[in-house]
Amino acid sequence: MSNTQSEIGLIGLAVMGQNLALNIADHGFRISVYNRTTSKTDAFVAANPNTPGGLVGCASLESFVQSLKRPRKMIILVQAGWATDKVIESLVPLLDKDDIVIDGGNARWDDTIRREKELRELGLRFIGSGVSGGEEGARFGPSLMPGGEAAAYEELRPVWEAIAAKVDPATGKPLEGAEPGKPVTGGVACTAFIGPNGAGHYVKMIHNGIEYGDMQMICEAYALMQGLLDLSATEMGEIFADWNKGSLDSFLIEITADILKQKDPVTGQPLVDIILDTAGQKGTGKWTSVNALDMGVPAPTISEAVFARCLSAIKEERVAASKVLKGPSKSFSGDKAAIVEAIRDALYCSKICSYAQGFQLMREAQKEYDWKLNFGEIARIWRGGCIIRAAFLQKITEAFERDADLANLLLDPYFKQSVEVAQENWRKVVGLAAEYGIAAPTFSSALSYYDSYRTARLPQNLLQGQRDYFGAHTYERTDQPRGKFYHIDWPDPKRPQLEA
Ligand code: NBP
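Keep in mind that what you see is a predicted model, and the values were worked out from it rather than measured. (Residues numbered from 1 in each chain as written. Predicted model: local features only at pLDDT ≥ 70, side-chain atom pairs only at ≥ 80, totals over all residues. Heavy atoms only, no water.)

**Student:** For this particular structure, what's the right way to read the site of the ligand?
**Tutor:** The full set close to the ligand counts 19 residues, and Met-16, Asn-35, Arg-36, Thr-37 and Lys-40 are the nearest of them. Separating an oxygen atom of the ligand from a backbone N or O atom of Met-16 is a distance of 2.8 Å. Contact with the protein chains covers 78% of the free accessible surface of the ligand, which is 910 Å². Elements supplying a minimum of two residues to the shell around the ligand: helix 1 (15–26) and helix 4 (82–91). Residues that form the shell around the ligand fall into these classes: 10 nonpolar, 7 polar and 2 charged. (Near = heavy atom within 4 Å. Polar contact = N/O pair within 3.5 Å; in protein donor to acceptor, adjacent residues only side chain to side chain. Areas by Shrake-Rupley, 256 points an atom, 1.4 Å probe, with all protein chains shown as cover. Helix = DSSP H or I, 4+ residues; strand = E, 2+ residues; numbered from the N terminus. Nonpolar A, V, L, I, M, F, W, Y, C, P; charged D, E, K, R; others polar.)

**Student:** Explain the packing of aromatic side chains to me, please; I cannot follow it from the model alone.
**Tutor:** Each aromatic ring pair is described using two quantities: the centre-to-centre distance and the angle formed by the ring planes. Evaluated as defined, the whole model comprises 20 aromatic pairs. Arranged with centres 6.0 Å apart and planes meeting at 70°, the rings of Phe-332 and Tyr-436 form a pair that is edge-to-face. Here Phe-332, found in the loop between helix 14 (315–322) and helix 15 (336–369), pairs with Tyr-436, found in helix 18 (residues 413–436); they are 104 residues apart in sequence, far enough to count as distant. The class of Phe-332 is buried, set by a relative accessible area of 18%. Relative accessible area serves as the criterion here: at 16%, Tyr-436 is assigned to the buried category. Sitting over the face of the ring of Phe-392, Lys-351 holds its NZ or CZ atom 5.1 Å from the ring centroid. The residue whose ring lies beneath Arg-477 is Tyr-486, and the NZ or CZ to ring-centre distance is 5.9 Å. (Phe/Tyr/Trp six-rings, centres within 6.5 Å; stacked < 30°, edge-to-face > 60°. Buried < 20%, exposed > 50% of the residue type's maximum accessible area, 1.4 Å probe, protein only. Lys NZ or Arg CZ within 6 Å of the ring centre and 35° of its normal.)

**Student:** Is there a simple way to think about the environment of Tyr-450 in this case?
**Tutor:** As for its placement among the helices and strands, Tyr-450 is situated in helix 19 (residues 441–453). Separated by 165 residues in the primary sequence, Tyr-450 and Gly-285 have C-alpha atoms spaced 21 Å apart. If near-sequence neighbours (up to four positions away) are discounted, Tyr-450 is found in contact with Cys-353, Leu-410, Val-419, Gln-423, Trp-426 and Arg-427. (Contact = heavy atoms within 4.5 Å.)

**Student:** Help me understand the domain arrangement of the chain, please; the structure alone is not making it clear to me.
**Tutor:** How big an interface is tends to be expressed through the accessible area that disappears when the partners come together. For the chain, the assigned domains are domain 1 (8–197), domain 2 (202–453) and domain 3 (465–495). In this structure, domain 1 and domain 3 have C-alpha centres spaced 56 Å apart. (Domains from an automatic or database assignment.)

**Student:** Whenever I open this one, helix 19 confuses me. Can you help?
**Tutor:** Side chains of residues three or four places apart in an α-helix project in the same direction, reflecting 3.6 residues per turn. Taking 1.5 Å per residue, 13 residues should reach 18 Å; helix 19 reaches 18 Å between its end C-alpha atoms and fits that length. What helix 19 keeps buried is the set Thr-442, Phe-443, Ser-445, Ala-446, Leu-447, Tyr-449, Tyr-450 and Asp-451. Packed against the buried residues of helix 19 are helix 8 (199–227), helix 13 (300–313), helix 15 and helix 18. (Expected span 1.5 Å × (residues − 1).)

**Student:** How should a nonpolar patch on the surface be read in this particular structure?
**Tutor:** Judged by side-chain polarity, Tyr-469, Phe-470, Ile-488 and Trp-490 come together as a nonpolar surface patch covering roughly 410 Å² of accessible area. Tracing the backbone shows Ile-488 in the segment after helix 20 (460–471). When its relative accessible area of 39% is taken as the criterion, Ile-488 is described as partly exposed. (Patch = residues over 30% accessible without salt bridge, like charges linked within 9 Å, V, L, I, M, F, W, Y side chains within 5 Å. Salt bridge = Lys/Arg side-chain N within 4 Å of Asp/Glu carboxyl O.)

Given below as structure tokens:
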């Protein structure tokens, strides 16, 4: 009986589940699969009869659990939130001590902390693993961010390392299979144990927050090239393709070039000109921003990217406002090539600030939750498989290898130098955006972040004075040690003061 049992199981055969199951089976692991709607299980198994490891379709949760080798390992890939809790609730009575439940969905990290604790108290083990890379990543190599009990991850590790994306250990460059769709041999897997309980899902959330920032910055570069320089979609596609050969080399820049060059099959016009300008969101960017506010960590660039999507969503209101509210109406007549170069620099500098904010959040979270995160390793496992994969991440790994306790990425010699060289162009672009009335919220917020972070004395002395004036909130003095608080009797604004 036991030699026919599966190495691992997977519950939830929607887009992600089907692709991850095929990836696992391709790597020679026998995998049992179960879906609430049984017809999906049957169709999936029938459509994939010859995988190297073998797919075992199960019609009930009971038969699914019985089909697994002990200690059992099962991945849940159903809708995040309530559905995940329902599946866990149904599974628990069927499991034995030390069985391992792995949630690969986009769970909130605090839900994962709760679930891990609940299952641990029942003698079960729980791993919350971020899975990034969408459908394609799940099928051919995602970036995987597992958190939970380290010993439980050791049992999952052979599967996770086999199916993850791979990068060249020396250069950090993503490796591809000998043929499209074939498993990659060699390289370092884009997965590593992140830390206890919710650490993996927290890091996945930060990945998504950074992804929101990256996408919005690219949109601002596009808006400036279009609004200021009047470039066509095809011309901009060529520029992004060119940028993809340099320090901005990344999946998102690459697909942006493709999107800009794509023609609409119906009208023959650039498809990007036909797509309605309203963006959706599933919530992970919002979670990142809310968490930043909760922890009091400045992450304005990531939050601006979330708000930019919110503003895009109020299309009818914006159309009405566009007929009423005036801005500058002048045309740019300078050196277009120089401005394209300046926009590239603005994008790069803003990106550095956005990543700096994401890593600051993880630094604070590890204190809050008593984790010990390896930031260089996190940047490395984002090098392949995931949506934010980029050459730039290798520089982040190197920065944390130089100094594991780096307070802020901006202070690393490489990034410090990069911003120093490019900041004149960055400032020029933010200035032009304001002058010509083109919204560039992440470019300008990132610049304000940079300028605030490098300012020894901010104007919050005045703010604290205001707080003390109306609320007796006290203030510290520049000429006294920190931690000593003062208050004066400010003049009562309702009572006229006598002239001295
Ligand atoms: P969905 O998030 O669309 O979920 C659909 C799956 O959940 C189906 O298998 C469905 O079964 C199952 N399900 C639901 Br809904 N309620 C259930 C319940 N009460 N009991 C049992 N099963 C239930 O699937 P997805 O887009 O493949 O995403 C799966 C997970 O991966 C999510 O957490 C998602 O956030 C995460 N993720 C998605 C992506 C992506 O690119 N799509 C990327 C990274 C992570 P049914 O067939 O019977 O309705």
